Amino acid sequence: MFIFRRFLPVSSQQHLDRGSTRSKRLIKRRARSTIETSATFRASIKSAIQQNMDGKRVINFAAGPAKLPDEVLKTIQKDLFSYNNSGISMLELSHRSTDFMNLVKSTEETARNLLNIPSNYKIIFLQGGGTGQFAAVPLNLMNTGQADYVVTGSWSSKAVKEASKYGIAANVVPKSHTLYTSIPRFSDWELSSGASYLYYCDNETINGVEFNFIPETGTDVPLVCDMSSNIMSRKFDITKFGAVFAGAQKNIGCAGTTMVIIREDLIGSASNLCPSIWDYKIQCENGSLYNTPPTFSLYSISLVLEWAKKEGGIDVLEHLAEKKSQLLYDIIDSSNGFYTNPIQKEVRSRMNVPFRITKNDDGGDLALEKEFIEGARQRGMVELKGHRSVGGIRASLYNAVTFEDVQKLTDFMSEFMDGRQ
């Protein structure tokens with residue numbers, strides 16, 4: 001370029017210089033415009049977030065992913081821009097950073113304190129959801145080649161089906177038990193003599209059945225429990241279990257993480273078929289960081305556990321769960337058959353309440369149920385449609401759902417019923 005300019009006529013050189021100056025000015029103007037636009041955009045995003053924080057939310061009765069406490073959501077909104085004043089969004093935070101490793105450690109400690117978990121139990125946070133644990137449990141624990149399963153609903157049915165790929169998985173409840181509206185008496189279970197463990201699902205979200213007792217397996221057979229939908233809603237004695245797992249997206253956080261609580265003596269016997277990411281020993285040795293974990297989901301768990309602690313812990317949450325579910329069941333039972341719940345009263349779920357309207361041979365009045373769901377939506381209550389496999393209506397009353405939320409639902413149920421009887 002220098003040689004080219006040297007031999008240009010003076011007028012041509014002046015023209016080139018003027019053109020270059022104009023180009024530089026244009027670049028500067030565009031840069032200023034971009035900066036101003038970017039600043040305006042950032043300001044508008046912050047303004048929109050603030051409006052959302054101050055705005056009114058609907059009542060979410062979803063079975064999962066489920067409602068999160070408002071306090072937790074507001075903290076998440078703040079940390080999306082800069083977590084812990086680090087200048088890095090929570091969505092960007094490295095799982096190898098000091099901030100995140102401290103978060104995992106504090107989350108484990110909070111869970112241990114809330115659930116009263118002794119030191120001979122490990123807590124790990126894994127991917128794959130509860131469904132992933134349907135495979136991980138037998139791959140880690142089925143060392144005799146067989147295990148017993150208590151099938152009381154859709155999720156335990158899926159669990160036994162998955163486990164049968166890796167050994168003999170026997171359903172111990174009577175074959176006549178197919179409606180999933182009750183829990184057979186423990187004395188009627190047909191337990192195997194060589195089972196590696198006994199597995200059950202504490203609360204069936206689809207069918208609305210919840211155990212009101214902990215099965216006694218003796219000291220030789222570890223008890224394994226899926227508590228995905230009712231963990232943190234009542235106290236339980238972890239020493240009666242070999243392992244407990246819970247998907248986060250109902251009572252302890254947002255979707256993406258499963259918390260596994262496992263007794264130390266059961267760790268280290270994984271099948272050669274077990275993927276490394278689901279090998280309990282490998283994950284325990286690496287503090288849940290063997291592979292890149294679902295960082296945001298783990299972060300949400302840390303916030304929900306802290307919220308639960310501030311609310312008063314498991315005692316308070318258990319009392320509220322009883323109070324909320326009783327309020328809903330009371331209006332169902334006092335409706336003279338307008339609303340019906342098919343579950344045996346002793347094992348009705350406190351977390352997931354399915355019901356039908358004006359029961360008939362088809363199970364419910366589909367037109368009325370559709371009208372009910374739409375009427376609830378217009379009043380700011382959503383996700384009340386029953387699971388596609390059973391139909392009807394279902395209200396999930398997880399910890400973040402307040403008593404006032406349930407009151408609003410029951411008020412509408414009374415109004416809806418009065419206008420149609």
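Residues numbered from 1 in each chain as written. Predicted model: local features only at pLDDT ≥ 70, side-chain atom pairs only at ≥ 80, totals over all residues. Heavy atoms only, no water.

(A) View of the sheet that holds strand β2 (residues 121-126). Spatial ordering of the open sheet is given by β2-β10-β9-β8-β5-β3-β4, a layout of 7 strands whose pairing is mixed. The open sheet terminates on both sides in strands that have one partner only, identified here as β2 and β4 (168-171). Strand after strand, the sheet turns through a mean of 20 degrees between neighbouring axes, direction not considered. Two elements, β2 and strand β10 (residues 258-263), share 6 bridges in a ladder whose sense is antiparallel. Counterpart to I123 in the pairing with β10 is I261. (Pairing = 2+ DSSP bridges. Helix = DSSP H or I, 4+ residues; strand = E, 2+ residues; numbered from the N terminus. Axes fitted to C-alpha atoms, helices over the stretch in contact; angles between N-to-C directions.)

(B) View of the side chain of S156. Relative to the assigned elements, S156 resides in helix α6 (residues 154-163). With residues up to four places along the chain from it excluded, the contact list for S156 reads V150, V151, C201 and E204. (Contact = heavy atoms within 4.5 Å.)

(C) Main features of helix α10 (residues 366-378). In this model α10 runs 18 Å from its N-terminal to its C-terminal C-alpha over 13 residues, within 8% of the 18 Å that 1.5 Å per residue would give. Buried within α10 are the following residues: L368, E369, F372, G375 and A376. The buried residues of α10 occupy an angular sector of 125 degrees when projected down its axis, which confines them to one face. Facing away from the buried side of α10, by more than 90 degrees, are the exposed residues L366, A367, K370 and Q378. Count one or two residues on from α10 and you reach G380, which has phi positive near 85 degrees. (Expected span 1.5 Å × (residues − 1). Buried < 20%, exposed > 50% of the residue type's maximum accessible area, 1.4 Å probe, protein only. Arc of directions from axis to C-beta.)

(D) Spotlight on the pattern of salt bridges. Tallying each qualifying case throughout the model produces 22 salt bridges. The partner of D79 in a salt bridge is K78, and the shortest N-O contact between them spans 3.0 Å. On the accessibility criterion, D79 (5% relative accessible area) is buried. E306 serves as the salt-bridge partner of K309, at 3.4 Å between the closest nitrogen and oxygen. Of the two residues, K309 and E306 are both situated in helix α8 (residues 295-311); the distance of 3 residues between them amounts to about one turn of the helix. Classification of K309 by relative accessible area gives partly exposed; the value is 45%. Looking at E306, the relative accessible area reads 30%, which means it is partly exposed. (Salt bridge = Lys/Arg side-chain N within 4 Å of Asp/Glu carboxyl O.)

(E) Representation of the environment of F338 in the model. Among the structural elements, F338 can be located in the loop between α9 (314-333) and β11 (339-340). Accessibility expressed as a relative area gives 5% for F338, which makes it buried. Separated by 79 residues in the primary sequence, F338 and M417 place their C-alpha atoms 7.1 Å from one another. Filtering out sequence-adjacent residues up to four positions away, F338 remains in contact with R356, I357, T358, L368, F416, M417, R420 and Q421.

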